[in-house]
Amino acid sequence: MKCNDALDTAYKAEVPLPFGKRLLLAFHIITCGQCSAHLENYERARFLLRTDFFPSSPDFSDSIMNSIYQEAEADISAFGEEAEEHFFGVGGFSVKGWVIAGIVLLLSLATVFFGQDFTSIALDEGSSFLLPLGIITGIVITGYGALFIGSHLKEFSERFKL
């Protein structure tokens, strides 16, 4: 058995080998020092890659979030009672305003499909037109919901006792 054949066979050792081929491979590895060194280095590399070669990184999320909360509390306490107006603006949408705007948005997105222009474009373009339209509709509804929930997170957590 030649060195190249022996190394190729040994590198593919996960595949079960016939007994005769295993015997020839073992004999070649025992008699050839160069192939033996190659396979020893190969097994070391495989062991390092199988085990936890890269150490795990420390988790800094708790310390980062604590420092963000402390900084936000310091900023809010520095402004006093005007803090909410300073950071969140004056006269923002109320929950009622957000719900009304959401209903208008949903109705406008739903009625787009009933227009005459839509049906002619949909007939001309086929289903390739409906997929991007559906994706855009989903993105708009998801974005609106995320903004609504994100802007009223404190109120929701108090209402639902979270």
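Rules of the game
Residues numbered from 1 in each chain as written. Predicted model: local features only at pLDDT ≥ 70, side-chain atom pairs only at ≥ 80, totals over all residues. Heavy atoms only, no water. Helix = DSSP H or I, 4+ residues; strand = E, 2+ residues; numbered from the N terminus. Expected span 1.5 Å × (residues − 1). Buried < 20%, exposed > 50% of the residue type's maximum accessible area, 1.4 Å probe, protein only. Arc of directions from axis to C-beta. Phe/Tyr/Trp six-rings, centres within 6.5 Å; stacked < 30°, edge-to-face > 60°. Contact = heavy atoms within 4.5 Å.

Trainee: I keep staring at helix H6 (residues 95–111) and nothing clicks. Help me out?
Mentor: Each full turn of the α-helix corresponds to 3.6 residues, which orients residues three or four apart in the same direction. With 17 residues, H6 ought to run about 24 Å at 1.5 Å a step, and its terminal C-alpha atoms sit 24 Å apart, in line with that. Those residues of H6 that sit buried are Trp98, Gly102 and Leu109. Each buried residue of H6 sits inside an arc of 35 degrees when the element is viewed along its axis, so together they form one side. Turned more than 90 degrees off the buried face of H6, the exposed positions are Lys96, Val104 and Leu107.

Trainee: Quick question: what am I supposed to make of the packing of aromatic side chains here?
Mentor: Geometry of an aromatic ring pair is reported as the spacing of the ring centres plus the angle between the planes. Counting across every chain of the model gives 2 aromatic pairs. Ring plane angle 45 degrees and centroid distance 5.3 Å describe the contact between Trp98 and Tyr144, whose orientation is recorded as tilted. Placement of Trp98 in helix H6 and of Tyr144 in helix H8 (residues 127–151) is noted, with a sequence separation of 46 residues between them. Across the pair, exposure class does not vary: Trp98 and Tyr144 are buried alike.

Trainee: When you look at the side chain of Thr137 in this model, what are you seeing that I'm missing?
Mentor: Tracing the chain through its elements places Thr137 in helix H8. Look past the residues within four positions of Thr137 in its chain and what remains in contact with it is Leu109 and Phe113.

Don't take any of this as a statement about function, it's just geometry.
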